Amino acid sequence: MSPEVGQLDLDAVQEAVAEDPDAVLPLLALMSTATDPELRRKVQAVVPRLVIDRARSGPHGRIGSGKLRTVSADRGGDLELDASLDAVAGAYAEGRSPALDELSATTWQRPATALCLLIDRSGSMDGPRLATAAMAAAACALRAVESGGELAVVAFDRRAEVVVPLAAPRGVHRVVERVLGLRGHGMTSLDAALRAARDQLAGARARRRITILLSDCRVTDDVDPVPVARGLDELLIIAPASDDEEAVTFARQAGARVVSLERLAQLPELLDRLLAP
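Applying the stated rule across the entire model yields 16 salt bridges. Of the charged contacts in the structure, one is a salt bridge between R218 and D243, with a shortest N-O distance of 2.7 Å. Placement of the pair is R218 in the loop between β7 (208-214) and α8 (226-230) and D243 in the loop between β8 (234-240) and α9 (245-254), with a sequence separation of 25 residues. Given a relative accessible area of 31%, R218 falls into the partly exposed group. For D243, a relative accessible area of 25% puts it in the partly exposed group. Through salt bridges with shared partners, one network takes in D216, R218, D243 and E246.

Let us look at unusual backbone geometry. Of note in this structure, C217 is not a glycine but carries a positive phi near 65°. Structurally, C217 is set in the loop between β7 and α8. C217 gets classed as buried once you look at its relative accessible area, which sits at 4%.

A few words on the nonpolar core. Counting residues in each nonpolar core, the largest one holds 59 residues, and the members touching the most others are L25, L28, V153 and I212. Element by element, the count of residues in this core is highest for helix α5 (residues 127-147), at 13 residues. If sequence neighbours within four positions are ignored, L25 has contacts with V17, L50, V51, R54, A131, M135 and L264. The next biggest cluster of nonpolar side chains, apart from the first, holds 29 residues, and it includes L118, L201, V228 and A251.

Turning our attention to the packing of helix α3 (residues 37-55) against α5. Running from N to C, α3 and α5 point in directions that differ by 60°, and their axes come no closer than 9 Å. The orientation of α3 relative to α5 falls into the category oblique. In the crossing of α3 with α5, the sense of the turn from one axis to the other is right-handed. Along the contact surface, α3 presents V51, I52, R54 and A55, while α5 presents A134, M135, A138, A139, L142 and R143. Within the contact of α3 with α5, the residues separate by chemical class into 8 nonpolar, no polar and 2 charged.

Spatial ordering of the open sheet is given by β6-β5-β4-β7-β8-β9, a layout of 6 strands whose pairing is mixed. Every interior strand has two partners, whereas the edge strands, β6 (160-167) and β9 (257-261), have only one. Shown here is a sheet whose adjacent strand axes are inclined to one another by a mean of 15°, direction ignored. Pairing of strand β4 (residues 113-120) with strand β5 (residues 150-156) involves 7 bridges; the strand directions are parallel.

The rules we used
- Residues numbered from 1 in each chain as written.
- Predicted model: local features only at pLDDT ≥ 70, side-chain atom pairs only at ≥ 80, totals over all residues.
- Heavy atoms only, no water.
- Salt bridge = Lys/Arg side-chain N within 4 Å of Asp/Glu carboxyl O.
- Helix = DSSP H or I, 4+ residues; strand = E, 2+ residues; numbered from the N terminus.
- Buried < 20%, exposed > 50% of the residue type's maximum accessible area, 1.4 Å probe, protein only.
- Core = buried A, V, L, I, M, F, W, Y, C linked by side-chain atoms within 4.5 Å.
- Contact = heavy atoms within 4.5 Å.
- Axes fitted to C-alpha atoms, helices over the stretch in contact; angles between N-to-C directions.
- Parallel < 35°, antiparallel > 145°, perpendicular 65-115°, else oblique.
- Left-handed = near helix turned anticlockwise from the far one by under 90°.
- Nonpolar A, V, L, I, M, F, W, Y, C, P; charged D, E, K, R; others polar.
- Pairing = 2+ DSSP bridges.

Below, the structure written as structure tokens:
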């Protein structure tokens, strides 16, 4: 993929990601911190787009159940012929074609949802962990945008840092860039992370408020996170399949739902499954 110093073969990168995203995206995440400034710049320019493309691969990418509503056809949706007949007839009588804003369409209306993604950056943010965090951020941002919801992203070790404050996402690309810039260090405080999620979601306009915890849930401080976890509206946990025992135990104690992630490519589908009502 990098045939010469400072070079990046974009065609080779895209082919490699398509063939084996679990191997290639973590490598690209590490390359985004390369010492070669020209290579680093090129990788940083392409990785967010590749991550976002893969994050779109969930079955629907939508949050919650919805209902059909009628809108003007210029706003998208499926053309509603019965409701548009009068407009078509009127335009025909005037010897012209009807404009889209005169026609009716049906589209799915989804309930707004507020998400807070908690990213465990304690220890080392190696390639797989960084790629998983970026993919999760992209998937959450895409789903929040599609549903008209809100998103906050918080990284934590022994302290919590708000990477993206709660708001309607304005740029999925920017969210992914900020997550790819995270570096790992320190101890693990789930209590600090969950308190930060509670504080972020307290100002949400949405009725459904969901905390998504990306972690093995191995606590290294002496603060019990279960009381705060039980106070959250919804807590969903995504843990690495190779190290999920403590996450499963914590989920049971906290009344949360947990899934184990074996491959990076599974993440969008797992997220859809968790977010289903």
